[in-house]
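# Inside the fold
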Amino acid sequence: MENYHTHTARCKHAVGSVHDYVNAAINAGIGILGISDHTPLPDGRWQDVRMHMNELADYCAEIHAARRDGITVLTALECEDFPGYRGFYRDVLVPRVDYLIGGNHYFRMNGAMRGIYDDNILGAAELSAYAQHVIAAIGSGLYAFIAHPDLFGYAYHRWDAETQAVSRDICSAAKSFGVPLEINGYGMRKRPVPSADGERAPYPWEPFWEIAGSIGAPVVINSDAHRPEDVAAGIPEGYAIAERYGLRMHAFYTANDAPRTTR
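Scope of this entry: the structure provided in the associated data block.

### Concerning the overall build of the chain
Scanning the chain from terminus to terminus reveals seven helices and 10 strands. Taking 263 residues into account, the globule formula puts the C-alpha radius of gyration at 18 Å, and the chain, at 17 Å, falls close to it. Sorting the 263 residues of the chain into buried and exposed places 55% on the buried side. For the chain, restricting intrachain contacts to residue pairs at least 6 apart in sequence, the fraction spanning at least 24 positions comes to 75%. Carbon together with sulfur atoms contributes 50% to the accessible area of the chain, which is approximately 10,600 Å² in total. Where the 23 positive side-chain charges of the chain centre and where its 32 negative ones centre are 4 Å apart.

Now the structure itself:
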């Protein structure tokens, strides 16, 4: 079993150290573990949910020190994709990590920054703007996979022609560029949201993954753990979704690959 998406206490909304996660992963039978805290940003934006720039070297060193026989431990960072940050990601982060994750929680619309978790219900225009933001991240070539591409289900509560359209656009882009989409187990542990059929997890939103299967978009399955005890949470359920809709799994890293030296 693999899990490429976990967060430590450095991101300020999770708990546990890298060593805590490695120990929990070994106990859970995980052979490949990616530590992927939210990237620090050079302009200090969103500082309440990510490490500071001066913590980056210690973060990489902590992951390097936690590597041991019997498990592959990878260094990663989850990134908000905006054009103004891509140079920093490419020049500063890529040389220091094994991979980057595109994890879009924010998007721009009419020049204003919007957040999926801003407690606002998205309308059709906002949904489209968010989807175009995700598609731009897919096309950037920077990310090993796109985290929770159906995150919009947190703030758009009905499945309709608009969600079908944006889901097809996202999944078609993923297939075209060969960038996997993530079935994310963290949504299964979040507060349910209302729907026409009763409460549901905000994500994974199964109609999205049915479309992904019909299009043939590649997928990965991760827990997005924010506690060591959740290091494998949601992964078996994610595999059940993948089997249900004939999703094509993508192994972008294998246990036989030697992790790069963390600098």
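Let us keep going from here.
### Examining the nonpolar core
Leu33, Tyr89, Ile138, Phe152, Ile170, Leu181 and Trp209 are the most contacted members of the largest nonpolar core, which has 73 residues in total. It is helix α4 (residues 124-139) that contributes the most residues to this core, eight residues altogether. Leaving out residues up to four positions away in the same chain, Ile138 has contacts with Ile146, Ile170, Ala173, Ala174, Phe177, Val179 and Leu181. Of all hydrophobic cores here, the second largest spans 10 residues; its members include Ala76, Tyr99, Ile101 and Ala144.

Conventions adopted
- Residue numbers restart at each chain and count upward from 1, following the sequence in its written direction.
- Given that this is a predicted model, residues contribute local features only at a pLDDT of at least 70 and side-chain atom pairs are listed and counted only at 80 or more, while totals for whole chains, interfaces and linings are drawn from all residues.
- In computing side-chain values, all of the structure's heavy atoms are included and hydrogens and water are not.
- Each helix is a run of DSSP H or I of at least 4 residues and each strand a run of E of at least 2, with the numbering of both proceeding from the N terminus.
- What the globule rule says is 2.2 Å times the number of residues to the power 0.38, and the radius of gyration is computed from C-alpha atoms.
- Using a 1.4 Å probe on the protein chains alone, a residue whose accessible area is under 20% of its type maximum counts as buried, one over 50% counts as exposed, and one in between counts as partly exposed.
- The contact rule is simple, with two residues in contact once any of their heavy atoms fall within 4.5 Å.
- Using the Shrake-Rupley algorithm and a 1.4 Å probe, accessible areas are obtained, with residue cover drawn only from the displayed protein chains.
- His is not counted, nor are the chain ends; Lys and Arg add positive charge and Asp and Glu add negative charge.
- In this description, the location of a charge corresponds to atom NZ of lysine, CZ of arginine, CG of aspartate or CD of glutamate.
- For this analysis, a nonpolar core means a set of buried residues of the types Ala, Val, Leu, Ile, Met, Phe, Trp, Tyr and Cys, connected via side-chain atoms within 4.5 Å.

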